[in-house]
Amino acid sequence: MISKQHVLVVLLSAASGGAAAWMVSTLHASRTQFDEPANFAANTSTLSSANPSEAPIDDDAMRQAIDSLYSTLNAEIDQRRALESELEALRVEVVALRAGASEAPTASQAEERVAQLIEARENRLTEFGFTPAEREDYQRMQAAAQFKAIELDDRARREGWHGTARYQDEFRALALENNPVREELGDARYDEFLYATGQPNRLVVNNVVPSSPAEAAGFRQGDVIVRYDGVSVFSNNELLNLRSTGDAGENISVEIIRDGDPVVLDIPRGPLGILANGQIIDPRTNTLTGGR
């Protein structure tokens, strides 16, 4: 029989190892609640196909289409926040089970812990000087960018090319698009925003592949990657994109933090040969505070 602890660990592992994919698939399964995109697409299709000389754009129709899009986005944001709260509750229960607690936390205890985590997040945002209006704006901008990935996933599944080379190419092209929140804030402030909202903001090396360029360059387990070729790195996707641009084999520098000290390693551009995961690290002290 599969135990409750086993189920929770599997759920948590799925979330930590592929949070984005897990969230996309969950939202995809719930998409019937949010059918406004179809209305929006139909409205915009009608508007774009009309002959301007015969049928001028209907301002009311355009307004309804835009309102429909905002309604859909807001619903997705609310769904995402609900999923985050459920995930936090699962984390609390798994920690207790792994620690050998006699019984799992009650629903009220889990809810209380989630409320504490949310309050701590709000306190961090305040501490870093983000106003409530800024928080809402940046979170919506971030959600809007993430929604593009959901739309790509949905379209690929409908048209039968999900998981193909085409899907990988389009997903990578999407990842290369400008991050609106990062562009608005700049790297240093964006780093603080990620940390304050409890999102991974550093890559920490878990393993170095033997005989790889990373081993030859001197990478070690526990190294915190800060910049690649002078560009700040906050995620695995960003590192993948950076190492895949420019001239393969050209010598570049990677800035890391090792045991609290900055270190610069030289390595040829291309595959590094490391396994790394996102961690939540205080940008003021470069100290680990959590991870996914």
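All values derive from a computational prediction rather than experimental measurement.

**Here's the deal with the overall build of the protein**
When you go through the protein residue by residue, the secondary structure sums to eleven helices and seven strands. Taken over 292 residues, the protein has a buried fraction of 34%. If you take every contact in the protein between residues at least 6 apart in sequence, the share linking residues at least 24 apart comes to 65%.

**Regarding the pairing of strand S1 (residues 202-208)**
Among the seven residues that make up S1, five are buried, leaving the element largely enclosed by the rest of the structure. In this sheet, strand S6 (residues 274-282) lies alongside S1 in antiparallel orientation, the contact comprising six bridges. Within S6, the position partnered with Val 205 by the bridge is Ala 276. Here two bridges tie S1 to strand S2 (residues 224-228), and the two strands are oriented antiparallel to one another. Bridging from a neighbouring strand, Leu 203 pairs with Ile 225 of S2.

**Focus: the packing of aromatic side chains**
What the rule picks out here adds up to seven aromatic pairs. Taking the centre distance of 5.7 Å and the plane angle of 70° together, the rings of Phe 130 and Phe 193 count as edge-to-face. Placement of the pair is Phe 130 in the loop between helix H5 (107-127) and helix H6 (132-159) and Phe 193 in helix H9 (residues 187-196), with a sequence separation of 63 residues. Put simply, the rings of Phe 130, Tyr 138 and Phe 193 pair up and form one aromatic cluster. Across the ring face of Tyr 195, the terminal group of Arg 124 is positioned such that the distance to the ring centre comes to 5.9 Å. Above the plane of the ring of Phe 130 lies Arg 189, whose end atom (NZ or CZ) is 3.9 Å from the centre.

**Things to note about the packing of H5 against H9**
To describe two helices that pack against each other, one gives the angle between their axes and the distance between the axes. The contact between H5 and H9 brings their axes to 9 Å, and the two run at 160°. Taken as axis vectors, H5 and H9 run roughly antiparallel relative to one another. As H5 runs across H9, the sense of the crossing is right-handed. From H5, Arg 121, Arg 124 and Leu 125 reach across to H9, where they touch Phe 193, Tyr 195 and Ala 196.

**Details of the nonpolar core**
Ranked by internal contacts, the top residues of the largest apolar core, which has 19 residues, are Phe 219, Ile 225, Tyr 228, Val 254 and Ile 274. At the level of elements, S1, helix H10 (213-217), S2, helix H11 (236-243), strand S4 (251-258), strand S5 (261-268) and S6 are the ones that each hand at least two residues to this core. Ignoring any residue separated from it by four or fewer positions in sequence, one finds Phe 219 in contact with Val 205, Val 208, Ala 214, Val 254, Ile 256, Arg 258, Leu 265, Ile 267 and Leu 272. By size, the runner-up hydrophobic cluster in this structure holds 13 residues, among which are Phe 128, Tyr 138, Tyr 195 and Ile 280.

**Quick look at the side chain of Arg 202**
Note that Arg 202 resides in strand S1. Within the local environment of Arg 202, its side chain forms a polar contact with the side chain of Asp 191, the two groups lying 2.8 Å apart. Ignoring anything within four residues of it in the chain, the contact list for Arg 202 reads Asp 191, Val 224, Ile 225, Phe 234, Asn 277, Gly 278, Gln 279, Ile 281, Pro 283 and Asn 286.

**Regarding the pairing of S4**
Two strands pair when backbone bridges link them, and S2 and S4 are joined in this way by four bridges, in the antiparallel orientation. If you follow Arg 227 over to S4, its bridge partner there is Glu 255. Where S4 and S5 come together, eight bridges link them in antiparallel fashion. If you follow Ile 252 over to S5, its bridge partner there is Ile 267. The turn joining S4 and S5, which pair antiparallel and follow one another in sequence, is formed by two residues; a positive phi near 55° is taken by Asp 259.

The rules we used
Residues numbered from 1 in each chain as written. Predicted model: local features only at pLDDT ≥ 70, side-chain atom pairs only at ≥ 80, totals over all residues. Heavy atoms only, no water. Helix = DSSP H or I, 4+ residues; strand = E, 2+ residues; numbered from the N terminus. Buried < 20%, exposed > 50% of the residue type's maximum accessible area, 1.4 Å probe, protein only. Contact = heavy atoms within 4.5 Å. Pairing = 2+ DSSP bridges. Phe/Tyr/Trp six-rings, centres within 6.5 Å; stacked < 30°, edge-to-face > 60°. Lys NZ or Arg CZ within 6 Å of the ring centre and 35° of its normal. Axes fitted to C-alpha atoms, helices over the stretch in contact; angles between N-to-C directions. Parallel < 35°, antiparallel > 145°, perpendicular 65-115°, else oblique. Left-handed = near helix turned anticlockwise from the far one by under 90°. Core = buried A, V, L, I, M, F, W, Y, C linked by side-chain atoms within 4.5 Å. Polar contact = N/O pair within 3.5 Å; in protein donor to acceptor, adjacent residues only side chain to side chain.

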